[in-house]
Amino acid sequence: MQNEELNSNSESTVLFENEYCLITSEGILRQKNNSFFDGKDLQSEITNSFEEQINPYIEAFKEIESSLKSEYGDKKSISENEWDTILNQVKLADAIGNFENLLQEFKSKIAKEPNTEAKQETPEAEPKEDAFTADIVADDQADTKTNTDASADADRDDTEKTTDSGVESKPDLRADHENKKSEDEEGKADVEAEDNDPVKYYEDLKDKAEKAATSTNFNNGLKTIDAILAGWGEGPEADASFKDSLRHKVEKAKDNLLNRKAEYEKKQEDRKEKNFKKREEILAKFQQIVEKKKWQLQNQINSFQRKFDSLKPLPKEGVEDQNKKFQELLSVFDENRVQYLVDVGLKEEDNFTGKLIITEKLERLIAREVDDSTDWEALGNEFNELLKQWRKIGRVPIEKEADLKARFDKATDSFIEKRLESDKKYKKHIDKLKKRHEKLISRAKALSETDDLIFASREINRLHSDWRALENLPQKLNDEYWADFKEASDAFNKIKSENADLIKEQEEKNIAVKQDLIKKAQEVAEKLDFKSGNKQLDNLLAQWKKSGPVTGKKSRQLWRKFRKAMDVYYNQRRKHFEGLRKEQEENLKKKEEIVAAIKEAATAENPEEVLKDVQKLQDDYKQIGFVPIKKKDKIWKAYRAACDSFFDALRDKGSGNVKGSRFENRLDKEVTSEIFRLRKEADRIREQVMKLKDNMTYFKPNKKGLELRSEIQENIDKAEAELESKVSRINELQKKLDEIHE
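Read on for an overview of the structure. In this convention, every chain numbers its residues from 1, walking through the sequence in written order. Only residues with pLDDT of at least 70 get local features here, since the model is predicted, and only at 80 or more are side-chain atom pairs given and counted; chain-wide, interface and lining totals rely on the full set of residues. Side-chain descriptors were evaluated using all non-hydrogen atoms of the structure, hydrogens and water having been removed beforehand.

### Describing the packing of helix H9 (residues 198–212) against helix H10 (residues 218–230)
Between H9 and H10, the shortest axis-to-axis distance is 9 Å and the interhelical angle comes to 160°. On the basis of the axis angle, H9 is roughly antiparallel to H10. Here H9 runs over H10; the crossing is left-handed. The segment H9 lies against H10, with Leu-205, Lys-208, Ala-209 and Ala-212 engaging Gly-221, Thr-224, Ile-225 and Ile-228. Here the nonpolar group is Ala, Val, Leu, Ile, Met, Phe, Trp, Tyr, Cys and Pro; Asp, Glu, Lys and Arg are the charged ones; every other residue, Gly included, is treated as polar. For the contact of H9 with H10, the class distribution of residues is 5 nonpolar, 2 polar and 1 charged. Here, axes are lines fitted to C-alpha atoms. For helices the fit covers the stretch in contact, and angles between N-to-C directions go from 0 to 180 degrees. The way it works is that DSSP assigns letters per residue, a run of H or I at least four long becomes a helix, a run of E at least two long becomes a strand, and they are numbered from the N terminus. Working definition: roughly parallel below 35 degrees, roughly antiparallel above 145 degrees, roughly perpendicular at 65 to 115 degrees, and oblique for all remaining angles. For a crossing to be left-handed, the near helix must be turned anticlockwise from the far one by less than a right angle; the clockwise case is right-handed. The contact definition used throughout considers only heavy atoms, calling two residues in contact when any of these lie within 4.5 Å.

Written out as structure tokens, the structure is:
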């Protein structure tokens, strides 16, 4: 198997890399940047088992993806505030995954309307003057505007005081209109128009109330509506039913606002509880780290602290205890980390000494004299053992790492070069491995030229899987080949990204075709037509093969549904034939009873008296269906023997009508024997076809599996053609036999 260190990256400064993260030569696991935020360090002290180390972070991404889609996925649009919440939550997440696509999905949902839900975070905060309050008292403030700089400040102060108190404590809005004097003639005209038109006056108040009911500042909206209701009775005279109907609408607007407020407060309470539970989970994870003494996880603790502090809002109860517990754990961690760092420093010095000794052993190994008698296999084993020991040793002081690594690499390269020069068998083996690598590189490069991008998308994943399965090449060679392979992969991925819409469109067409085939397979399974069902499913499978690829998880899901329909059919088919076998067993018992009855009739003192009974038994025997194929010959021979015994006894008694009787004609040996032989062969072919068709269901629809299915289908077609021929011949002979019996 290909080592992760060799396969995953060609750069000496990176130990491991994939699309979303990398591990530096210092053993630091780092998120990769995306267009929304810069990646951060997630964990340190990683020297081996890279994929195992990053798996928890991949799972964490899946959790946050699921959580966000559950909360916001069904929404057609989200507010700027919700977007900020999502972005902050993702930024703080210690996770590895496709944040680019995840965030882009939510960013595309941001509402374009200027009125977002941003203010909902602090509904209790009251601005100096809400827009809706300003509307409701606009007429009262008309005379506060002036064009003189000197008096503007004084007038504005007085007006603001009037506005604040007017909305809350002066119910007589109409009186305000009549009492206030303004130098603004346009304002006066508006006031007079409203006084003279009570319909417009009350409709305006109703409209302002309904507008206030949509406010995101619930308290301010309620104040506005309450002020309208308080001054309702003091407004101008109007039709009572008209005023009552509008007042009812204002009250309904207030109810709507109260309902919205209650719903929001409930969501806030749920959010507080959810955040509280998340903090409990962080504390539990922190507790585990302390208990397991993983003092190297400083980056993870930093992430815990950022996330712990960012989770808001929170309930009043229990938060202080959570903060206290977190600080206690943090103190324990910090105290122990100091000693840990001291120990790490000492350990790194020991590691340096160990790696230096291994490097010196390699240099001595290279210095050995070699000739035609040198046991290169033994030297190779010794070399590989030294490499294994090197990898087991952890980090060394960073200031000494580069020089030591350069010396080690020089020694390994020298040994490989020397062996390639002197060990022909090894050189042949390496050349063979190089060709395998080159073949995969060539296939990866060819993908950039293909028009079938969906097939290529799936193929590139297979190539990477095949690459990981390749045997090790020497380090230097492996880095070179990996660089070429990665370059070819990146080139195709760029094309894939540029044609994402085209791929999606074609893939959707392929999905539609496959879904239609699944539906048809399910219909076949429901009909339970065991005569033609096999051919129908085989035809659908052939169409599936030609229907075009689908990438990723969707492909497996579709195939499982299609395969399930096939399994349902074949499982029911097996049950059907199991039922037939039971029926055949019952038929066997019936025939055995008839054979026994005919045998008993042969012992009668006067066989002619029971002749009609025996002939009736023979007719009954003929009407009974199939018996198990393994017992068919035996029961037929027993039946023939019983009949012969009876009619021999009948002749012995001197019956004059035995010669040329219906029985002798019916049992014409030549015809009956031929029918018997053909039926036996037909049953054998049926059994063979049944087994072949059962076997076909166990082959996967890959290249090799489809080839095997094709071969089996050819054998089935030949066998069924032969069976049809024999059945036709049996029918002809049976017709002939029936004519003899007439």
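Still more to cover.
### Brief notes about the side chain of Ser-303
Note on placement: Ser-303 falls in helix H12 (residues 298–310). If we skip the residues at most four places from it in the chain, Ser-303 touches Leu-92 and Asp-94.

### Here's the deal with the sheet that holds strand E3 (residues 29–31)
Reading across from one edge, E1-E2-E3-E4 is the order of the 4 strands in this open sheet, with antiparallel pairing throughout. Only two strands of the sheet have a single neighbouring strand rather than two, namely strand E1 (14–17) and strand E4 (41–43). Each adjacent strand pair in this sheet contributes to an overall mean axis angle of 30°, direction not counted. Relative to strand E2 (residues 21–24), E1 runs antiparallel, the two being bridged by 3 bridges. Directly across from Glu-17, in E2, lies its bridge partner Leu-22. Paired strands, in this sense, are two strands between which DSSP finds at least two bridges.

### Details of the environment of Lys-361
Within the secondary structure, Lys-361 sits in helix H13 (residues 319–367). A 1.4 Å probe rolled over the protein chains alone gives each residue an accessible area, and that area as a share of the maximum for its type sets the label: buried under 20%, exposed over 50%, partly exposed in between. Residue Lys-361 is classed as partly exposed on the basis of its relative accessible area of 39%. Sequence-wise, Lys-361 and Leu-386 are 25 residues apart; in three dimensions their C-alpha atoms are separated by 8.0 Å.

### Focus on the pairing of E2
In E2, alternate side chains face the same way, and those of Cys-21 and Ile-23 on one face and Leu-22 and Thr-24 on the other are all buried. Hairpin geometry of E1 and E2 is characterised by an intervening segment of 3 residues between the two adjacent antiparallel strands. As defined by bridge partners, E2 adjoins E3 across 3 bridges and the pair is classed as antiparallel. Bridge pairing in E3 places Ile-23 opposite Leu-29.

### Here's the deal with the packing of aromatic side chains
Working definition: an aromatic ring pair is given by the centre-to-centre distance plus the angle between the planes. By convention, a stacked pair of Phe, Tyr or Trp rings (six-membered ring in the case of Trp) has centres within 6.5 Å and planes under 30 degrees apart, an edge-to-face pair has planes over 60 apart, and any other such pair is tilted. Counted by the stated rule, this structure contains 26 aromatic pairs. Ring centres of Tyr-202 and Trp-232 lie 4.9 Å apart, and the angle between their planes is 55°; this geometry places the pair in the tilted category. Placement of Tyr-202 in helix H9 and of Trp-232 in the loop between H10 and helix H11 (240–291) is noted, with a sequence separation of 30 residues between them. Its relative accessible area of 3% is what places Trp-232 among the buried residues. Ring pairing ties together the aromatic residues Phe-286, Trp-295, Phe-304, Phe-308, Phe-326 and Phe-333, which thus form one cluster. In this scheme, Lys NZ or Arg CZ marks a charge over a ring once it lies within 6 Å of the ring centre and within 35 degrees of the ring normal. The ring of Phe-308 has Arg-279 lying over it, and the distance from NZ or CZ to the ring centre is 3.8 Å.

Everything listed here is a matter of coordinates, which is why it stays silent on function.
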